[in-house]
Structure formats: structure tokens, C-alpha cells
Amino acid sequence: MAKAEKLVVEVVAAHNLMPKDGQGSSSAYVEVEFEHQKRCTRARPKELNPVWNERLVFAVADPDDLPYRAIDVGVYNERGASVAGGGTAPHGRNFLGKVRVPAAGVPAPGEEAVPQLFTLEKRSLFSHIRGEITLKIYRTNSGDMVVKSKPEKPVKAVVSGPEVVAAPPINGAKKQQQQQPVVTVQPPPPQPEAPMDNLPPPAPVLMKPVMLADPYPASAVFSGPGDFSLKETRPRLGGGTTADKASATYDLVEQMQYLYVRVVRARGAAAVGETVAEVKLGNYRGVTPATAAHHWDQVFAFSKETIQSSFVEVFVRARGSDDHVGRVWFDLSEVPRRAPPDSTLAPQWYSMEDRKGERGAVEVMIAVWFGTQADEAFAEAWHSKAAGVHGYGPLGSIKSKVYVAPKLWYLRVCVIEAQDLIPMDKGPMSIGRYPELFVRAQVGSQMLRTRPAPMAVNRGPSSPFWNEDLMFVVAEPFEEFLVLSLEDHVSPGRDDVLGRLVIPVSSSERRWDEKAVVSRWFGLDRGNVASNNSNRFGSRVHLRLSLDGGYHVLDEATAYSSDLQPTGKQLWQPHVGVLELGVLGATGLIPMKARDGRGATTDAYCVAKYGQKWIRTRTVVDSVCPRWNEQYTWEVFDPCTVITVGVFDNCHVDKLASGNTTLAVRDNCIGKVRIRLSTLETDRVYTHAYPLLMLHSSGVKKMGELHLAVRFCCGNAGNMFHAYVRPLLPKMHYIEPLLVRQVESLRVQATNVVAARLGRAEPPLGREVVEYMLDHRSHLWSMRRSKANFFRLVTVLSGPITVGRWFELVRSWHRPVHSCLAVFTFLVFVTMPELILPTAFLAMAFTGLWRYRVRPRHPPHMEMRLSHADAATVDELDEEFDTFPSSRGDVVRFRYDRLRSVAGRVQTVVGDIATQGERMQALLSWRDPRAALLFSIACVLSAIIAYAIPMKVLVALWGLYAMRPPRFRSRMPSPLMSFFRRLPSKADSLL
């Protein structure tokens with residue numbers, strides 16, 4: 001007879017629970033229900049991170065029915081007496097969260113079980129729940145439960161901050177890891193600033209991943225270090241008290257001292273042939289390219305912290321020879337120090353010693369000096385930390401560069417009509433068929449087509465009429481051609497070409513406002529060779545071509561765009577300030593590659609994008625804690641914009657160094673940071689370590705920390721405050737607005753154009769870098785993003801819901817004093833209605849002033865919980881990282897892609913609604929200090945005006961203004977609406 005089975009649920013611990021006792025804490029206990037059996041743990045008083053380590057046992061009626069059963073786990077706050085193990089729940093309790101675990105995956109008797117971390121879920125839409133719970137669930141035979149063993153000593157693990165106690169790893173965990181992927185949560189360092197590499201190996205907490213076939217999929221757990229917060233740092237910017245004149249320009253980075261050696265050329269070595277110059281400092285050695293003219297003009301930079309010798313040597317050698325034809329050396333104690341804005345140090349001729357130590361005929365022109373990264377030679381110099389990289393190609397790929405994105409235009413092709421078309425198909429099948437005529441237009445890789453021409457009473461089949469606009473994105477200089485083909489859709493898969501036309505894009509007329517350009521007739525060519533000869537064939541097409549310079553070509557999402565200026569520079573507004581960015585370095589980067597002899601490492605570089613200016617720092621080779629200390633500056637034309645800074649791993653170093661240039665190499669993305677300028681106080685230096693979060697198909701992971709110094713300087717306060725009431729986008733976006741479906745399509749085209757042009761620079765900026773910085777996949781469907789936007793909306797609606805609950809509390813008279821005060825206030829406002837608006841405006845003004853004390857002191861950053869990245873399941877992440885169109889099979893491709901396309905629009909709408917609500921909250925949150933100041937002043941003035949003018953007059957004026965005739969209305973948005981659209985939201989904090 002088979003033994004009866006028992007289901008064991010070990011409740012280990014919970015983390016970061018919601019306080020529900022009114023005193024900032026909770027007395028939590030766990031209630032587990034399985035097949036109408038309920039068991040409870042003891043309550044842990046006044047603890048938001050309770051630890052139980054209690055074992056709850058349930059009888060299993062039929063083990064074969066387990067795949068169809070589920071285990072319901074609820075966490076509650078006790079408001080009554082203490083709960084004994086295995087007892088009943090108290091009468092009064094508060095809900096803290098729930099988890100439903102399918103019993104199908106519970107290990108059978110004798111199989112190994114591991115603790116699992118589950119995110120607590122809400123009971124209803126408006127439940128305020130947070131936290132996680134650790135459970136260990138397994139099955140055992142009845143005979144194995146006779147003796148209740150003493151629980152093992154728990155192992156501490158930290159998940160995102162506070163401590164959580166979990167059961168120790170069991171024997172066989174290593175075998176479990178080999179069979180399926182396992183997520184490991186490791187504790188952070190004991191001190192926030194301590195490097196992760198110096199910590200002892202932590203005891204991991206192993207968690208079983210979510211399988212796609214589970215009927216109730218649990219949330220996947222984030223992996224990596226647990227500290228996802230923003231840290232304020234205090235670096236020694238500008239050199240501190242020993243700063244030199246370079247600090248006036250480079251005051252947002254730490255000074256880095258370098259020894260510069262500039263080798264210009266040599267003379268007297270004509271008989272040797274091709275020569276190279278070699279600079280040697282201790283164990284470091286730099287070599288110039290070989291040249292027969294003995295002219296190199298190469299600068300070598302040796303970091304002062306790596307100097308291991310008291311002198312530097314310069315050799316001139318024949319190509320391929322180990323013997324030198326000349327040698328000269330310099331004592332480092334005699335080397336002068338240079339600091340900009342001093343002029344460059346003039347090189348001098350020095351006689352070189354031969355192999356016998358005697359002065360020979362060979363002379364070399366050299367300049368040697370000490371300087372900092374502010375030196376003009378820094379960007380193009382060979383650096384000692386890149387000593388393992390040789391050759392022009394690899395060295396060029398690791399240098400710092402500034403890129404200017406191409407100037408983008410919208411090309412508007414208005415297809416009006418065509419005349420005298422000659423059909424291609426004159427057979428019997430064409431009799432009685434009305435032709436489906438359309439125009440296909442192509443510019444580069446962009447291809448669009450019009451709708452089929454509709455039937456008209458006064459027009460025949462040979463004179464179709466469309467009057468349809470096709471929009472393309474083109475970049476200066478205009479190298480592309482517009483290729484038009486007029487086609488007839490005869491049958492599925494068959495389109496007959498009735499004529500072709502090729503027009504240079506540069507010949508299109510430019511326009512800056514809503515005035516239409518003059519339309520023109522173009523002759524069509526029925527042959528393969530394009531021609532504009534309208535006399536050879538009678539077919540022609542009527543077009544209106546224009547390059548629209550009054551629009552801003554969007555290559556980023558409008559929620560976190562870095563530039564809102566129109567294409568035409570004559571339409572630009574004056575700049576309002578200057579943005580200065582100091583890229584200090586990074587710490588704790590995840591190794592991205594394995595290199596022979598040096599283990600796992602990373603070749604990291606930084607890319608920052610604001611407006612048309614892209615910057616790329618130099619690549620620090622073989623370092624997981626790189627130090628760049630490079631400073632850059634941008635002009636700011638609109639304070640309500642966002643700068644994006646990304647970190648990447650340079651994969652071209654190994655490719656170019658090995659000589660293998662046939663394979664396409666893509667740089668690895670490590671993470672990025674967005675900073676909204678309007679959230680920064682003017683002239684304040686922000687120095688923080690930003691967590692680099694990266695979403696993978698296995699979950700979110702912290703890839704390291706990026707250290708930045710940011711300062712926003714205001715050049716003109718009047719222009720700054722005036723920018724808040726200007727329309728967000730240029731005038732043409734409101735006079736002739738683009739369709740919603742056009743905006744996203746044009747943004748994808750703009751991303752492709754920018755990536756193609758920046759890929760032609762030297763060194764090229766990879767397409768993967770440009771697409772990651774511009775967030776080109778943000779418009780695609782993602783269940784995780786949809787959940788994040790939905791919960792943003794729930795957070796925004798929580799305010800009105802709280803007011804409604806307060807009103808119900810007043811009506812219930814549970815608190816008579818509050819109810820009496822509310823009734824008295826209501827009667828006062830009914831008696832004197834002129835006090836309503838002044839009181840409301842003054843209340844908002846004083847609320848804003850009161851919240852000034854607790855205003856945010858740090859810029860926003862990527863938030864894991866706001867992005868809902870920690871609760872995304874494996875299935876959701878697999879869908880998010882799927883290609884578009886889908887690569888999951890031809891059977892479901894069409895329906896799947898259609899669903900994702902529609903759901904992507906719903907996701908965008910939900911995000912826009914949440915953005916509007918968050919902007920309302922930003923009016924008094926001081927997230928944008930200038931906007932909050934303007935709003936507080938406006939509230940005070942509105943209160944005075946509302947008090948001075950009778951309410952009836954104000955209502956009458958408002959009604960007359962709202963119902964004014966259309967001729968007195970402007971198509972431009974009002975200053976209040978423009979001010980509101982510039983307020984910050986949390987959209988730029990989403991992953």
C-alpha cells in the first residue's frame with residue numbers, strides 16, 4: 001500500500017512589506033490554503049522584513065490531481081491577538097499581499113527543493129501592496145514527517161536593500177543549476193562605496209525560474225547586485241585646492257596628469273629606409289607607424305599613475321629591426337608643465353646617440369611636457385593604458401570623438417493626379433475591369449504608396465486623381481533620388497508599371513511655413529531608363545514637392561526628446577543656457593568578454609546624445625572600473641529636454657587587432673541613463689552614481705554604476721521662463737499636424753537615416769549604438785511596459801480616490817469633529833462663494849511653498865520597480881525581445897503582429913494619460929523648480945484677481961471667452977497648455 005503524501009510549505013521570510021498598522025510597521029503573518037485546508041504562521045510584531053522559517057503541512061488527497069490544484073498564500077497584518085503556529089487567523093487583519101503557486105511544479109518525494117522568491121500581488125485594482133516572500137514547497141511521505149527536525153541556520157541574503165533571511169542552499173543545488181537556468185540574488189557590499197570585487201563570495205539563494213507552461217505563471221525575479229538606488233558622490237572635481245588654469249574649463253572632472261611626448265620627425269636617417277619612432281617609459285612602449293619620409297607627428301600620453309621610471313627614452317629604428325639608429329632620453333624631473341590656455345609647446349631638434357653612446361648624425365624633433373586631459377593633444381594621443389592595441393584601425397576605434405548628426409528634413413511628396421495613361425494589359429482579361437492605379441514612391445530604403453485612385457464620374461481610367469501626401473525623411477547633403485512609379489494592380493502578386501520618374505531630392509523647393517509651393521507636371525517614362533521628356537510619351541503626373549523646414553524631425557520619443565527645434569535655423573529661438581557634462585567613470589561593470597591571459601574584462605566607452613551633437617569618450621581597455629574624466633558642453637534651447645548617456649563595450653578592439661575584418665561586429669550595450677534638464681537647479685553641480693540597468697531575456701540586471709557630474713547654467717532667466725509658455729513643438733506641427741501613424745513611421749525612418757550617416761564617420765558609430773540611444777523599439781508592444789503604464793495611471797488616480805474616500809468618511813460621521821468642520825466649511829463657502837477660488841489658489845500656492853522643504857534633491861534615474869522590470873515573467877520578456885515581424889512561426893505571425901501593433905498603440909495611449917496626470921502632480925512637487933515657482937506666483941496672482949473681481953463676472957468672462965467665434969481663435973496652443981506640456985513626468989525614468 002502506497003504511503004499517503006503530505007504537502008510541505010516552508011514559509012521562510014518576507015521583504016519590504018507595506019506598513020499597515022498606522023505606525024510605520026506591520027505585524028505580519030502568513031496564511032496558506034490548500035484544498036480547503038488553512039494553516040497560519042506566527043505573527044512577527046513590528047517588522048517589515050519578518051523571518052518565520054516555519055513549516056506548514058497539508059494532507060494530499062490525490063497526488064494525481066496536483067497538476068490541477070494551486071496553493072494560495074496570503075500575507076496579513078495582525079490587529080488582534082498573536083497567532084499560534086497552525087492556529088486560526090485573527091478577527092481583525094489588513095491585507096499585505098497574496099501569491100498563487102501552481103502545484104504542478106512541486107517536487108515529488110525524494111526530489112530536491114529550493115527556496116523560491118515570489119512578488120506579492122494585489123487583491124484588487126486599488127490595493128496598496130509591495131514586497132516579496134520566500135517559500136520552499138515540496139512533497140513528502142507521511143512516514144518522513146514523524147520527527148520535526150530543527151531548522152537549519154538561515155543564510156542571510158539581501159534583495160534590493162534590507163536583509164531577507166532565506167533557507168540555506170541544499171545539497172544537489174549544483175546539479176539543479178546544470179539542468180535549468182537559475183536566477184541568483186547576491187548581497188550587496190556592506191558599504192555602498194566599497195567595490196564588489198573585494199567582497200567574500202556570498203551564499204546564493206537559488207530560485208526556480210518560471211516555466212512557460214505554468215497555468216499561473218509567477219513573476220520572474222531580478223538578478224544581479226541588490227543596490228539599484230541613486231548615490232550621491234563627492235569626487236575631487238577640477239583638481240581641488242591644487243587646481244591649475246585648466247580647471248576654469250574642466251571643472252566637472254577629476255584632473256588626470258599625463259606625460260606627453262610628441263615625436264614629429266627625424267633627419268639624418270635617409271640611408272636606413274623606412275623608420276619607426278619608439279617611446280619607452282618603464283614597461284610601457286609606444287611605436288609610430290613606419291614611414292620612409294621619417295615624419296610621424298605622433299603624440300604619446302602616459303598616465304602619471306602608471307609611471308615607473310625617472311626618465312623617458314625615444315628611439316629611432318629601422319622597420320623590422322631591433323637595433324636603433326638613434327637614442328635620446330629626458331629626465332622627468334626636468335620636464336616642464338603646461339596648462340591651457342597656454343600655447344602648445346614648440347618641438348625642438350635633439351641630437352641622438354648611436355649604439356656606441358656617441359652623438360651621431362641623426363636628429364629628432366621632440367616636445368615633452370606634463371599636462372592634463374585638458375590638453376589639445378589628449379584626444380588624438382596614443383595612451384599607455386591602450387598599450388595592447390596596435391595599428392591605425394584599432395587605435396582609431398578607441399579614441400574620443402564628437403559627432404554631429406545630419407540635418408534632417410521632411411520631404412513631402414503630394415501626388416495630385418495623372419493624365420493620359422496607357423494601360424499595359426490590353427488582353428481580353430482587362431475588358432470590364434476598372435484599373436486599380438496607385439503611385440509607389442521610394443527614397444533610398446524608404447518606400448511608400450498611395451491608395452488606389454477612386455472612381456470618379458467626371459474622370460476616366462486614364463486620368464486618376466489622388467491628392468495624397470507621402471512623407472519621407474532625408475538628410476543633408478541630399479544625395480538620394482526620388483523614384484516614382486505609377487502602377488496598376490492587375491491581380492494578386494502582379495503590378496504593371498505604367499510609367500516611371502526619377503527626381504533628385506535636391507531639386508525640391510524648400511518651405512518654412514504653411515504656404516504651399518507651386519505644383520509641377522512631370523512626364524513619365526514607360527521604359528527602364530528614367531527620363532523627364534514629356535514630348536516622347538503623353539503620360540504625365542502632377543506633383544507638389546517640398547522640403548519642409550518648419551517641422552522638427554523626431555528621431556526620439558517626444559517624452560524624452562533632446563531637441564525640439566525646427567529644421568530651419570532661421571526659425572530657432574535664442575538659447576536659454578548651457579549644459580555641461582562630466583563623464584567621470586564607471587564602477588562594478590559586468591565583464592562582457594573573455595580575453596586570453598587576462599580573464600574576463602570589458603572595453604568600455606561612453607556615448608552621450610543631446611540635440612544634434614553626439615559625443616563618444618575614449619575606450620578604456622581591460623577595465624571593469626574605467627575612468628574617463630572627459631567634459632563636454634551643449635547649448636540648450638529648451639530646458640524641458642532630456643540628455644541620454646549610454647555605456648557600451650567596444651567589440652572592435654579584438655576584431656581589428658586580430659586582423660579579422662570580415663565578420664560584422666556589434667558593440668555590447670551595458671546600460672544608459674536619462675537626465676531631464678528641467679529637474680536640475682540652475683548653476684548647481686550634480687555628482688551622482690547612476691545604476692546601469694539592462695533588461696535581458698532572463699530579467700533585469702544591474703550592469704554597474706556610471707559616475708557623472710552635470711551642471712545646467714542659465715544664460716538668460718527671461719528666455720528661460722518664456723520657454724515654459726512657448727509651444728512645445730514648432731508652429732508647423734499645429735498648423736499642418738502629422739497623423740499619429742505617420743509620426744512613429746517617420747521616427748523609425750529618421751533613426752535609420754541617422755544610423756546610416758553616423759556609420760559613415762571615422763571611427764563609425766555603430767547602428768546598434770544609435771538604435772539603443774534613440775530607443776527605437778519603444779513603440780512595439782510589451783506586456784511589461786503596459787503594466788508599468790497602467791500602474792502609473794493607478795498611482796495618478798489614487799489622489800481622487802483618496803478624496804472620495806475622505807468624503808465618504810465625512811458622510812459616515814465616524815469622526816464627528818471632522819464631519820462638523822466639513823459641514824461648517826461647506827456652509828461658509830455656500831454663503832460666500834467668492835472665497836472658493838481664492839482659497840483654492842492660496843491653498844495650492846502654500847502647499848507648493850510647504851513642499852519646497854521636502855523637494856527632490858537628486859535628479860531622476862531609471863527605476864526598476866516603476867518600469868515593472870522586476871516582476872516581468874519569462875513569457876513576457878520573450879515576447880518583448882521578439883523581432884518585428886515575429887520569428888515565432890509562420891502560422892501565428894500575421895495575427896500575432898497585428899495584435900502587437902494594436903496593443904502598442906494602446907500602450908502609448910495609457911502612457912500618455914499617465915504622463916498628463918504626473919504633470920499635474922509636478923505642479924507642486926518642485927521636481928522642476930522653475931515651473932513650480934512660476935505656478936506658485938501665478939496662483940497668488942490668480943487669488944488676488946479672483947478676490948478682487950466678483951465670481952459672476954469671472955464666470956461670464958470665461959463663458960464668453962470659451963464661446964468666442966472661430967475667427968477670434970488661434971490654432972496655436974494657449975500659454976497655459978504649453979506650460980503644462982513642459983512639466984516633467986516619469987516617462988524619462990522608464991527603461
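Residues numbered from 1 in each chain as written. Predicted model: local features only at pLDDT ≥ 70, side-chain atom pairs only at ≥ 80, totals over all residues. Heavy atoms only, no water.

On to the overall build of the chain. Scanning the chain from terminus to terminus reveals 15 helices and 42 strands. Summed over its atoms, the accessible surface of the chain is roughly 48500 Å², and 56% of this surface lies on carbon and sulfur atoms. (Helix = DSSP H or I, 4+ residues; strand = E, 2+ residues; numbered from the N terminus. Areas by Shrake-Rupley, 256 points an atom, 1.4 Å probe, with all protein chains shown as cover.)

Overall, the coordinates contain 6 cavities of 30 Å³ or more when judged by the stated rule. If you go around the largest cavity, you meet 18 residues; those closest to its centre are His383, Ala386, Ile398, Arg618 and Thr619. Per-class residue counts for the lining of the largest cavity are 10 nonpolar, 4 polar and 4 charged. (1 Å grid on protein atoms, 1.4 Å probe; cavity = no way out; pocket = protein on both sides within 12 Å on 5 of 7 lines; lining within 4 Å. Points joined across faces, edges and corners; volume = space filled by probe spheres on them. Nonpolar A, V, L, I, M, F, W, Y, C, P; charged D, E, K, R; others polar.)

With that out of the way, let us pick up the nonpolar core. Nonpolar side chains in soluble globular proteins generally cluster together in the buried interior. Judged by nonpolar contacts, the single largest core of 64 residues is most densely connected at Leu581, Trp614, Trp628, Trp634, Ile643, Leu706 and Leu708. Leaving out residues up to four positions away in the same chain, Leu706 has contacts with Gly585, Ala586, Cys606, Trp628, Val645, Val647, Val673, His688, Ala689, Tyr690 and Leu692. Among the nonpolar cores identified, the runner-up in size contains 33 residues, and Phe34, Ile71, Val99 and Leu120 belong to it. (Core = buried A, V, L, I, M, F, W, Y, C linked by side-chain atoms within 4.5 Å. Buried < 20%, exposed > 50% of the residue type's maximum accessible area, 1.4 Å probe, protein only. Contact = heavy atoms within 4.5 Å.)

Applying the stated rule across the entire model yields 55 salt bridges. The partner of Asp603 in a salt bridge is Lys593, and the shortest N-O contact between them spans 3.0 Å. Highlighted residues: Asp603 in the loop between β35 (599-601) and β36 (604-610) and Lys593 in strand β34 (residues 593-595), separated in sequence by 10 residues. Summarising the burial analysis for this pair, Asp603 and Lys593 share the class buried. Here the salt bridges do not stand alone but share partners, grouping Arg412, Asp469, Arg511, Asp548 and Glu736 into one network. (Salt bridge = Lys/Arg side-chain N within 4 Å of Asp/Glu carboxyl O.)

Further remarks concern the UniProt feature "transmembrane region" (unreviewed entry) in the chain. UniProt marks residues 790-807, 819-846 and 933-961 with the feature "transmembrane region" (unreviewed entry), using the numbering shown here. Secondary structure across residues 790-807 comprises 100% helix and 0% strand; the distance between its end C-alpha atoms is 26 Å. In the segment residues 819-846, helix accounts for 86% and strand for 0%; the C-alpha atoms at its two ends are 24 Å apart. (UniProt positions renumbered as here; feature names shortened; annotations may be inferred.)

Moving on: the environment of Gln419. Residue placement: Gln419 occurs in strand β24 (residues 408-419). Linking Gln419 and Ser463, residues 44 residues apart in sequence, is a C-alpha distance of 4.4 Å. Every residue in contact with Gln419, bar those within four places of it in the chain, is listed here: Ser462, Ser463, Trp521, Gly538, Ser539 and Arg540.

Turning our eyes to something else, we now look at the side chain of Arg930. Inspection of the secondary structure puts Arg930 in helix α13 (residues 929-948). Buried charged residue Arg930 carries no salt bridge. Nearest counter-charge: Asp928, at 4.3 Å. At 2.7 Å, the side chain of Arg930 forms a polar contact with the side chain of Thr682. Contact partners of Arg930, with chain neighbours within four places excluded, come to Leu677, Ser678, Leu680, Glu681, Thr682, Phe712, Met720, Phe721 and Tyr724. (Lys, Arg positive; Asp, Glu negative; His and termini not counted. Polar contact = N/O pair within 3.5 Å; in protein donor to acceptor, adjacent residues only side chain to side chain.)

Turning our attention to the sheet that holds strand β33 (residues 577-587). Within a sheet, adjacent strands bond to each other through the backbone by hydrogen bonds, running parallel or antiparallel. Within the open sheet, the 5 strands sit side by side as β13-β41-β42-β33-β38. Their pairing is antiparallel. Of all strands in the sheet, those bounded by a partner on one side alone are β13 (231-232) and β38 (627-636). With 10 bridges joining them, β33 and strand β42 (residues 699-714) adopt antiparallel strand pairing. Residue pairing in the sheet places Glu580 in a bridge with Arg711 of β42. (Pairing = 2+ DSSP bridges.)

Residues in a regular strand project their side chains so that they alternate between the two faces of the sheet. Bridging between strand β18 (residues 311-318) and strand β19 (residues 324-331) involves 7 bridges; their strand directions are antiparallel. Residue pairing across strands places Phe315 opposite Arg327, the latter belonging to β19. Counting the residues that bridge the hairpin from β18 to β19 gives 5 residues, and of these Gly320 lies at a positive phi of roughly 80°.

The next thing to look at is the packing of helix α6 (residues 740-758) against helix α7 (residues 767-774). Two quantities define a packed helix pair, namely the angle between the axes and the distance from one axis to the other. Here α6 crosses α7 at 140°, and the two axes come no closer than 9 Å. In the crossing of α6 with α7, the sense of the turn from one axis to the other is right-handed. The residues of α7 that touch α6, namely those facing Arg747, Thr751, Asn752, Val754, Ala755, Ala756 and Leu758, are Arg767, Val770, Glu771 and Leu774. (Axes fitted to C-alpha atoms, helices over the stretch in contact; angles between N-to-C directions. Left-handed = near helix turned anticlockwise from the far one by under 90°.)

Counting all residues, the mean pLDDT for the chain is 81, and 84% of those residues have values of 70 or more. Below pLDDT 50 for its whole length, residues 146-225 participates in 138 contacts with residues either more than four positions away or in separate chains. (pLDDT = per-residue confidence, 0-100.)

Turning our eyes to something else, we now look at the packing of aromatic side chains. The final tally for this structure, using the stated rule, is 20 aromatic pairs. Grouped by ring-pair contacts, the aromatic residues Tyr258, Tyr260, Trp369 and Phe378 constitute a single cluster. The side chain of Arg93 reaches across the aromatic face of Tyr76, ending 3.8 Å from its centre. Positioned above the aromatic ring of Tyr560, the side-chain terminus of Arg674 is 3.8 Å from the ring centre. (Phe/Tyr/Trp six-rings, centres within 6.5 Å; stacked < 30°, edge-to-face > 60°. Lys NZ or Arg CZ within 6 Å of the ring centre and 35° of its normal.)

What follows is about a nonpolar patch on the surface. The grouping of Trp813, Val823, Phe826, Leu827 and Val830 at the surface amounts to a nonpolar patch, some 510 Å² of accessible area in total. Locating Leu827 in the fold gives a position in helix α9 (residues 816-831). A relative accessible area of 48% means that Leu827 is categorised as partly exposed. (Patch = residues over 30% accessible without salt bridge, like charges linked within 9 Å, V, L, I, M, F, W, Y side chains within 5 Å.)

Glu476 connects to Pro477 through a cis peptide bond whose omega is -10°. Along the chain, Pro477 turns up in the loop between β27 (465-475) and β28 (481-491). Going from Glu762 to Pro763, the amide bond is cis rather than trans, its omega being 0°. Looking at where Pro763 falls in the secondary structure, it is placed in the loop between α6 and α7. Of note in this structure, Asn16 is not a glycine but carries a positive phi near 60°. Looking at the element boundaries, Asn16 is found in the loop between β1 (5-15) and β2 (28-34).

With that settled, consider α6. Here α6 spans 27 Å end to end across 19 residues, near enough to the 27 Å set by a 1.5 Å rise per residue. Inspection of α6 places Gln742, Leu746, Arg747, Gln749, Ala750, Thr751, Val753, Val754, Ala755, Arg757 and Leu758 among the buried residues, and these make up the whole buried set. Structurally, α6 contributes buried residues whose contacts are with β23 (401-404), β24, β26 (446-449), β27, β37 (613-616) and α7. (Expected span 1.5 Å × (residues − 1).)

Where helix α10 (residues 836-851) meets α13, the closest approach of the two axes is 8 Å, and the angle between their N-to-C directions is 160°. One element, α10, and the other, α13, form an angle in the roughly antiparallel class. Where α10 crosses over α13, the handedness of that crossing is left-handed. Two secondary-structure elements touch here, α10 through Leu837, Pro838, Phe841, Leu842, Met844 and Ala845 and α13 through Phe935, Ser936, Cys939, Val940, Ser942, Ala943, Ala946 and Tyr947. When the residues that make up the contact of α10 with α13 are grouped by side-chain class, the tally is 12 nonpolar, 2 polar and no charged. (Parallel < 35°, antiparallel > 145°, perpendicular 65-115°, else oblique.)

So, about the pairing of strand β16 (residues 284-287). Where strand β15 (residues 275-281) lies against β16, 4 bridges are found, and the strand directions are antiparallel. Bridging from a neighbouring strand, Glu278 pairs with Val287 of β16. Where β15 folds back on β16, the antiparallel hairpin that results is connected by 2 residues, among which Gly282 adopts a positive phi of roughly 65°.

Let us now look at the side chain of Ser463. Within the fold, Ser463 resides in the loop between β26 and β27. Ignoring sequence-local partners within four residues, the contact set of Ser463 consists of Ala418, Gln419 and Asp420.

This part covers the sheet that holds β26. Pairing is antiparallel across the open sheet formed by 4 strands, whose spatial order is β26-β25-β28-β29. A single partner strand is all that each edge strand has here, and the edge strands are β26 and β29 (494-504). This sheet shows a mean twist of 20° between the axes of neighbouring strands, independent of strand direction. Sheet topology places strand β25 (residues 437-443) next to β26; 4 bridges connect them, and they run antiparallel. Directly across from Val443, in β26, lies its bridge partner Gln446.

The topology assignment puts Val770 in helix α7. Once the C-alpha coordinates of Val770 and Trp614 are considered, the two residues, 156 residues apart in sequence, prove to be 9.8 Å apart. Sequence-distant contacts of Val770, defined by excluding residues within four places in its chain, comprise Trp614, Thr751, Val754, Ala755, Leu758 and Leu765.

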